[in-house]
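# Geometric and topological summary
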Amino acid sequence: MVANGKSAFIYSDAFTKYKFAEEHPFNPKRLEMTLDLIKTIGFLDADQIITPRMATQEELARVHDTRYLDAVQAASQPQANPDDFATWGLGTEDTPIFAGMHEATSLIAGGTLLAADLVMSGQYRYALNMAGGLHHARRAEASGFCVYNDIAVAIAHVREKYGARVAYIDTDAHHGDGVQWIFYEDPDVLTISLHETGKYLYPGTGEIIERGEGRGYGYAVNVPLEAFTEDDSWMNAVRSVIIPTIQKFAPDIIFHQNGCDAHTYDPLTHLSASTHIYREMPKITRLLAEEMCDGRLVAVGGGGYDIWRVVPRAWTMLWAELNGNELPERLPKAWLERWQLEASTALPEFFLDPPGSFEAIPRRAEIEEKNEIMVRRVLNGTPFLY
Ligand SMILES: [Zn+2]
């Protein structure tokens with residue numbers, strides 16, 4: 001399957017330094033828990049772990065304003081005053097400043113960039129940086145827990161170094177706005193985001209009419225889905241939109257942002273998915289990468305705020321898919337015992353939420369119909385498909 005039969009797992013303990021505050025929902029403990037689950041289950045060999053370096057100023061400046069980079073570095077100092085950085089989206093409730101912020105977020109950007117290099121150079125077929133996926137960061141503004149946009153940094157890198165045409169798939173519950181706006185006028189970067197409608201959810205964008213600009217018109221694809229959308233309707237939208245657009249676009253590499261906050265347990269969003277979608281979606285993107293671009297696939301993490309019950313399962317299933325590992329039904333006892341001591345809620349025993357785990361959604365039929373109409377409107381309005 002892969003040059004050496006394995007995928008690259010980009011990781012450093014220093015990833016956990018990307019931490020805003022003790023009570024902040026973006027909690028790096030989820031990385032430790034997931035890594036521990038992947039190791040406990042026996043899905044990771046030591047030689048698959050590749051340590052990243054920080055992205056350089058030059059690499060970051062491909063997508064970020066240099067004045068913004070200076071501001072982040074100043075905000076990173078231990079004595080920095082949060083009030084001085086409001087114009088850059090920093091020091092807010094969502095994205096507070098913290099000492100070492102520049103270093104921590106540069107390392108995450110360097111990680112996704114490394115993943116992209118390993119895949120483009122043919123050293124690995126697939127690579128995962130689960131600390132990556134900071135899709136809300138803008139050219140000159142931090143937003144929604146994201147300081148530097150690691151995905152955009154890596155995409156700009158493969159555009160420049162390899163001249164690669166890129167497809168970006170974002171299945172986080174929130175709109176992948178940062179990546180979309182950065183490449184909004186670029187016809188060689190297709191961005192596809194499926195998300196909960198922005199009606200009641202940050203960042204409020206991701207409307208169907210956002211389709212790109214200038215030469216990039218048609219190369220931004222948005223599928224805003226109804227609140228309380230469940231697995232079947234979500235997966236129907238994923239398959240109906242992602243498969244034909246990627247097949248027609250024929251990218252050289254696929255990036256997939258795997259935020260797992262569409263799960264019904266997620267405290268920040270209003271979707272009603274189970275973990276089944278987190279087994280299905282990586283399979284689809286992996287097969288598309290095989291079909292369209294010699295397997296070149298970079299997977300990153302993203303949102304996911306039920307750190308106990310959702311993130312470790314979702315991203316372990318993602319990693320299993322990238323390695324052809326057969327997933328057991330149950331989580332290992334040793335892992336459950338270890339983390340149950342700390343967890344604020346009962347940990348689930350199965351990877352896939354068993355049938356009947358959640359209450360039925362009363363408006364299911366109406367939601368499904370609205371989503372189907374949305375999918376048709378998206379496809380009809382994507383000019384390069386025809
Ligand atoms: Zn999200």
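Residues numbered from 1 in each chain as written. Predicted model: local features only at pLDDT ≥ 70, side-chain atom pairs only at ≥ 80, totals over all residues. Heavy atoms only, no water.

## Some details on the overall build of the chain
Cut-off, in case you're wondering: For helices the rule is a DSSP run of H or I covering at least 4 residues; for strands it is a run of E covering at least 2, with both sets numbered from the N terminus onward. Each radius of gyration reported is based on C-alpha atoms, and the globular scaling rule is 2.2 Å times the count of residues to the power 0.38. Partly exposed residues are those whose accessible area sits between 20% and 50% of the maximum for their type, while under 20% is buried and over 50% is exposed, using a 1.4 Å probe and protein chains only. Only the protein chains shown count as covering a residue, and every accessible area follows the Shrake-Rupley method with a 1.4 Å probe. In this charge count, Lys and Arg are treated as positive and Asp and Glu as negative; neither His nor the chain ends contribute. Taken as the charge location is NZ of Lys, CZ of Arg, CG of Asp or CD of Glu.
Secondary structure assignment for the chain yields eleven helices and eight strands. Over its C-alpha trace the chain gives a radius of gyration of 19 Å, about what one expects of a compact globule, namely 21 Å for 386 residues. Viewed in the frame of its principal axes, the chain has a C-alpha envelope of about 55 × 50 × 45 Å. Taking all 386 residues of the chain together, the buried fraction comes to 61%. Of the roughly 15,000 Å² that the chain leaves accessible, carbon and sulfur atoms contribute 49%. Between the averaged position of the 34 positive side-chain charges in the chain and that of its 54 negative side-chain charges there is a distance of 4 Å.

## Topic: the UniProt feature "domain: Histone deacetylase" (unreviewed entry) in the chain
Just so we agree on the cut-off: UniProt positions are given in the numbering used here, feature names are shortened, and annotations may be inferred rather than shown by experiment.
Mapped onto this numbering, the UniProt entry annotates "domain: Histone deacetylase" (unreviewed entry) at residues 24-321. Regarding residues 24-321, the helix share stands at 38% and the strand share at 11%, and the terminal C-alpha atoms are separated by 30 Å.

## With respect to the packing of helix α8 (residues 276-292) against helix α9 (residues 311-323)
Threshold: Axis definition: a line fit to C-alpha positions, over the contact stretch in the case of helices; interaxial angles, taken between N-to-C directions, run 0 to 180 degrees. Oblique is the label for any angle not under 35 degrees, not over 145, and not in the 65 to 115 range, which are roughly parallel, roughly antiparallel and roughly perpendicular in turn. Take the far helix as the reference: if the near one is turned anticlockwise from it by less than a right angle, the crossing is left-handed, and if turned clockwise, right-handed. Here, two residues are considered to be in contact whenever any of their heavy atoms come within 4.5 Å of each other. Here the term charged refers only to Asp, Glu, Lys and Arg, the term nonpolar to Ala, Val, Leu, Ile, Met, Phe, Trp, Tyr, Cys and Pro, and the term polar to all other amino acids, Gly among them.
Their axes nearest at 9 Å, the elements α8 and α9 cross at an angle of 30°. Comparing their axes, α9 and α8 come out roughly parallel. Regarding α8 and α9, the two cross each other, and that crossing is right-handed. Residue-level contacts link Y278, R279, P282, K283 and R286 of α8 to A314, M317, L318, E321 and L322 of α9. For the contact of α8 with α9, the residue count by class is six nonpolar, no polar and four charged.

## So, the sheet that holds strand β8 (residues 297-300)
Let me state the cut-off plainly: A pair of strands counts as paired when DSSP detects no fewer than two bridges linking them.
Taken in spatial order, the eight strands make up an open sheet running β2-β1-β3-β8-β7-β4-β5-β6, and their pairing is parallel. Every interior strand has two partners, whereas the edge strands, β2 (49-50) and β6 (220-225), have only one. Sheet analysis places strand β1 (residues 8-10) next to β2, joined by two bridges and oriented parallel. Across the sheet, the residue bridging to F9 is I49, located in β2.

## A few points about the pattern of salt bridges
Convention followed: Here, a salt bridge means any side-chain nitrogen of Lys or Arg that lies within 4 Å of a carboxyl oxygen of Asp or Glu.
Throughout the structure, instances matching the rule amount to 22 salt bridges. R138 is the partner of D177 in a salt bridge, and the nearest nitrogen-oxygen pair spans 3.7 Å. Here R138 lies in the loop between β3 (126-129) and α5 (150-162) and D177 lies in helix α6 (residues 177-182), a separation of 39 residues in the sequence. E349 is paired through a salt bridge with R330; the nearest N and O atoms lie 2.9 Å apart. Taken together, the residues E349 in the loop between α10 (333-340) and α11 (364-380) and R330 in the loop between α9 and α10 connect sequence positions 19 residues apart. Each member of the salt-bridge network shares a partner with another, and the members are R159, R165, D186 and D188.

## Considering the nonpolar core
We count it as follows: Throughout this description, the term nonpolar core refers to a set of buried Ala, Val, Leu, Ile, Met, Phe, Trp, Tyr and Cys residues connected via side-chain atoms within 4.5 Å.
By size, the foremost hydrophobic cluster in this structure holds 130 residues, and its most contacted members are L90, W234 and F255. In terms of residue count, helix α4 (residues 101-120) provides more of this core than any other element does, eleven residues in total. In this structure, W234 is in contact with T171, D172, L194, H195, L225, T229, A262, L271, I277 and M281, ignoring residues within four places of it in sequence.

## Looking at the side chain of S233
Looking at the secondary structure, you find S233 in helix α7 (residues 231-249). Setting aside its immediate chain neighbours within four residues, S233 contacts E368 and N371.

## Structural notes on the pairing of β8
Neither face of β8 is open: one carries L297 and A299, the other V298 and V300, and all of them are buried. For β3 and β8, the ladder comprises four bridges, and the chain directions are parallel. Across the sheet, the residue bridging to A127 is V298, located in β8.

## Remarks on the coordination of the zinc ion
Put simply, the test is: Note on donors: an N, O or S atom is included if it sits within 2.8 Å of the metal, or within 3.2 Å for Na, K and Ca, and water is never included, so sites can look incomplete.
Taken together, D172 (OD), H174 (ND1) and D261 (OD) make up the full set of protein donors to the zinc ion, lying 1.9 to 2.1 Å away. On the primary sequence, the residues serving as donors to the zinc ion are separated as D-x1-H-x86-D. H174 carries the same exposure label as D172, and that label is buried.

## Side note on the side chain of S12
The line we're drawing: Counted as a polar contact is a pair of N or O atoms within 3.5 Å, where, for protein atoms, one must be capable of donating a hydrogen and the other of accepting one, and residues adjacent in sequence contribute only when both atoms are in side chains.
One can find S12 in the loop between β1 and α1 (29-40). There is a polar contact of 3.0 Å between the side chain of S12 and the backbone nitrogen of A14.

## Notes on helix α3 (residues 66-75)
For clarity, the cut-off: By construction, the arc corresponds to the directions joining the helix axis to the C-beta atoms.
Residues of α3 that are buried include every one of Y68, L69, A71, V72 and A75, and no others. For α3, the arc enclosing every buried residue in end-on projection is 160°, short of the 170-degree limit, so these residues lie on one face.

## Some details on α5
Quick reminder of the rule: Multiplying one less than the number of residues by 1.5 Å gives the expected span of a helix.
Look at α5: 18 Å from first C-alpha to last across 13 residues, which is about the 18 Å you get at 1.5 Å a residue. Along α5, the residues classified as buried are D150, I151, A152, V153, A154, I155, A156, H157 and V158. Looking one or two residues beyond α5, the residue adopting positive phi is G163, at roughly 60°.

## Side note on the packing of α1 against α10
α10 packs onto α1 with a crossing angle of 155° between their chain directions and a minimal axis gap of 9 Å. The pairing of α1 with α10 is recorded here as roughly antiparallel in orientation. With respect to the hand of their crossing, α1 and α10 are arranged in right-handed fashion. Across from K29, E32, M33, D36, L37 and T40 in α1, the residues of α10 making contact are A334, W335, R338 and W339. Residues belonging to the contact of α1 with α10 are distributed by class as follows: five nonpolar, one polar and four charged.

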